[in-house]
Each structure stands twice: as C-alpha cells, then as structure tokens.
Amino acid sequence: MKTSTIGLALCLFAEALFALPTEELAPRANSNSWAGTNNYFLIGLPESVQDTYIDNLVSYGAKVVRLWVNAQSAGGCPKGSTTATNIPELEKTLRQYDDTVLDAIDSVLVKLEAKGIKALISPHDAANQFKSGSSDPYWNAYGSGYFYEKQEAFDDYDARISHVLNYKGKSSGQVWKSWSSAIMAFDLQNEPMSTKTSECTGTAGASWVCGRAQHMRSELGADNPIRVASGGIGGDISKNCNFMPAAVNCDQLDLISVHRYAGNEASNPNEWSGAASGYVSQANGKLVYVEEWGVRQYQGAAQASVEYPAQADDMNKAGLPWIYWQIAPAKTCNYDPTTDGDDSFTIFEGSDVDIAGPMKGASSAAGLQDWTGIIY
C-alpha cells in the first residue's frame, strides 16, 4: 500500500537502472496482458456499493482486484468512500484469530468470482502496521527488524498464513487455498521490509522471503494453480528491493510484484515499456506484474485524465500487466486526492478519467509473458 511520497530523484535512478529498449520486448508469449485495481477498503463498504463498483469494474475490463486482510471502521471515509461495517483485525494477539475480516473478504470474493474477476490477497500489511503507534501484534512483539530475522517470528507468521489459506468461507463454503477460480495469488505480505529496507538491501531478511514462500506453497500444494507473489518487497522500486536475490532465486515464489510510482510519462516517454524487458530479465524466469502504480495528483502534480491513460498505454505497449492504486467508487464523503500529500493517486468512478480504455487495452494486448492458467 502506498504510504509515502516518492522522490523524483529516486524514481529517475530506478528508471535508469531498469530501463532497456522497447524493441527488445518481442517476441511475445501466448496469453494477453491484463489489468485491475487495488482496493484496501472494499470489504468495509455497503453491499450495494460493492455491487455497483464491481459491475463497473467488469465494464472497464478489469481482471484482478487486490484485497487486504485488514480492519475497517464504520463511518470512515477512506479515499472518498463511506464505510458501513466495523471489521476488527484478524489478530490482536498472536495466534488468536477473529475471522470477521476473512468473512468480509469471502463475501466480496463471491461477488468477484460471479463477475469473472480474480482476487489477489495480501494477508498482512507491513507498510501500514510496522510503524510507531501501531497496535499490530507482530510489530509489538518483534518490530520491523526481528520480524524478518527470528525463527519465533517466522513461526508466528506462518501460523497466520496457514490460518488464512485454510479458512473456509462463510459465504462461499470454499476453502481458500482450493479456490483457484476466485483467487489468483496470495502476497507474502504487503510491502515486506518497506519500513526497514536494510532488511532487503542486505541479507538480514533473506531467509524470511523464501521461507514464507516455501511455507505458503506447502500449504497450497505443489500443483495448485494459485500463485505465491512477493507483494512489493521494500515498497517502491526505487528502494532496490523488488527484485531481491532471495526472491528471484526462490523456487517456491512464483510472481514478482513491482511497486513503482513513476514520474509523468510526458517528461519521461516509454518509462514503462523501456523498463519491462529489464524487469523480466531480473525476475529469473518468474512472472512479473506491476502490483502498484499511480498518478500523483497532489497540488496538481499531474492530471489523472492525461497521465493514467498515458502510463497505462505504455505498459500495455509492452504487454506488462498492471494493478492501479487505486480506482475508487464515486465519492460519497469529503476527500480530495489533490490535497493528500501522502497518497494522492485515487481515481473516482464517474470522473473525467477514461478508466475503461486502458484496462480493455491491457486485456487485448499481447502479453510480455504467459498468464495462461492464472488469469486466462
């Protein structure tokens, strides 16, 4: 989840580091590309709003929605949407689970599957829980360092992973780890090590990455089509952790999740298509997709109506799948992304932004890699 403003200098460094010429992208694989959206508060919205939102996503051509195992507060206004339901955290105490949040996700999964959209699920959120003032039990027990270093912490988090994957849906009746028609992948975590990137720029957190992937795959089973995704290690790609060696060299980790909040396409043409083949090369045979990207609108930095189609079309040109941060329902409460200094990327349904054109363009574009059996 995006929580801080990305410096232009770091973005330009990452662009230079990972860019390769667009013409090197051919030949293409057999499947088409795809697109979708993040939505960390969808589970807390009224059912009627969920239904309208999902119907709209279908009309846009969305293939994936990324969801979180996180709490919601009734009457809140996350990104302009009014939440209707109080949902507690899955764990307030380590290994003591309240499945209310899983029940809420399960209800949304039923709706998504019925419309042909798959979910990507993050079982825990490092970016927003591993910081001062958090009540997260992992943070309070281990902090953002020992969580990625100590076997005791590994065991506690593996227990959470097992609980989530073996959960049987209240609405669906499905055991999640067996529900590949609704779930495309589970992240290891949202932005692991993003609040202490020395864990991923060095070797301290290396065993956490593949160890958790191994545990997740052991729960899923070797032949399960549900994939294990990295979740954007280190946060934004400028932190130099998305392609951490421990991730790209781990056999049980299937998908490399890129988190990148780039500059404007107008000032950096081909910023995505020029980098795409470099991403694939670094991924060491794993599938790569952009799990988070967004148009920074704070104080008029960019116009979403211009930059969203420009950047999305550039990714589509390369056949690079993407999940926007984030398409939100039509605004029902007081929120303006242009005044949000930390997270100004929201695009509202019903705004002047052509949401559908780029999403449909993704699913009609030849993919840079083959997503058969996962999305198609």
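These numbers were taken from a predicted model, which means no experiment stands behind them. Numbering of residues begins from 1 in every chain and follows the order in which that chain's sequence is written. Thresholds applied to this predicted model are a pLDDT of at least 70 for local features of residues and 80 or more for the giving and counting of side-chain atom pairs; totals over whole chains, interfaces and linings are not thresholded and use all residues. Side-chain numbers here rest on the full set of heavy atoms in the structure, without hydrogens or water.

**Observations regarding unusual backbone geometry**
For the record, the criterion: The helix and strand labels rest on DSSP assignments: H or I over at least four residues marks a helix, E over at least two residues marks a strand, and numbering proceeds from the N terminus. Residue burial is assigned from relative accessible area. The probe radius is 1.4 Å, only protein chains are included, and a residue is buried under 20% of its type maximum, exposed over 50%, and partly exposed in between.
Along the chain, Trp325 connects to Gln326 via a cis peptide bond; the corresponding omega equals -20°. Inspection of the secondary structure puts Gln326 in the loop between strand E10 (322-324) and strand E11 (327-328). A positive phi angle, close to 55°, is found at Lys79, a residue other than glycine. Looking at the element boundaries, Lys79 is found in the loop between strand E2 (64-68) and strand E3 (91-93). Even without a glycine there, the phi angle at Met193 is positive, about 70°. Relative to the helices and strands, Met193 is located in the loop between strand E6 (183-187) and helix H7 (198-201). On the basis of relative accessible area, Met193 is assigned to the buried category, the value being 1%.

**Quick word on the state of the cysteines**
The condition that has to hold: Here, two cysteine sulfur atoms that lie within 2.5 Å of each other are counted as a disulfide.
Evaluation of the coordinates by the stated rule reveals three disulfides. Here Cys77 pairs with Cys333 through a disulfide, and the sulfurs are 1.9 Å apart. Its S-S torsion of approximately 95° makes the covalent link between Cys77 and Cys333 right-handed. You can see Cys77 sitting in the loop between E2 and E3 and its partner Cys333 sitting in the loop between E11 and strand E12 (347-348), a full 256 residues away along the chain.

**Details of the packing of aromatic side chains**
As a reminder of what qualifies: Any two rings among Phe, Tyr and Trp, with Trp reduced to its six-membered ring, count as a pair given centres within 6.5 Å; such a pair is stacked if its planes are under 30 degrees apart, edge-to-face if over 60, and tilted if neither. Comment: the charge-over-ring label is applied if NZ (Lys) or CZ (Arg) is within 6 Å of the ring centre and within 35 degrees of the ring normal.
Counted under the stated rule, the structure contains 27 aromatic pairs. Between Phe147 and Tyr157, the ring centres sit 5.3 Å apart and the planes meet at 75°, which makes this aromatic pair edge-to-face. Linking Phe147 in the loop between helix H5 (137-146) and helix H6 (151-166) with Tyr157 in helix H6, this pair joins segments that are ten residues apart in sequence. A relative accessible area of 0% places Phe147 in the buried class. Judged by centre distance (4.6 Å) and plane angle (45°), the rings of Tyr261 and Phe345 are tilted. Highlighted residues: Tyr261 in the loop between strand E8 (255-259) and helix H10 (273-282) and Phe345 in the loop between E11 and E12, separated in sequence by 84 residues. In terms of burial, Tyr261 and Phe345 fall into one category: buried. An aromatic cluster is defined as three or more aromatic residues linked by ring pairs; in this entry it consists of Phe130, Tyr138, Trp139, Phe147, Tyr148, Tyr157 and Trp208. Stacked on the ring of Trp272, the Lys or Arg Arg260 has its end atom at 4.5 Å from the ring centre.

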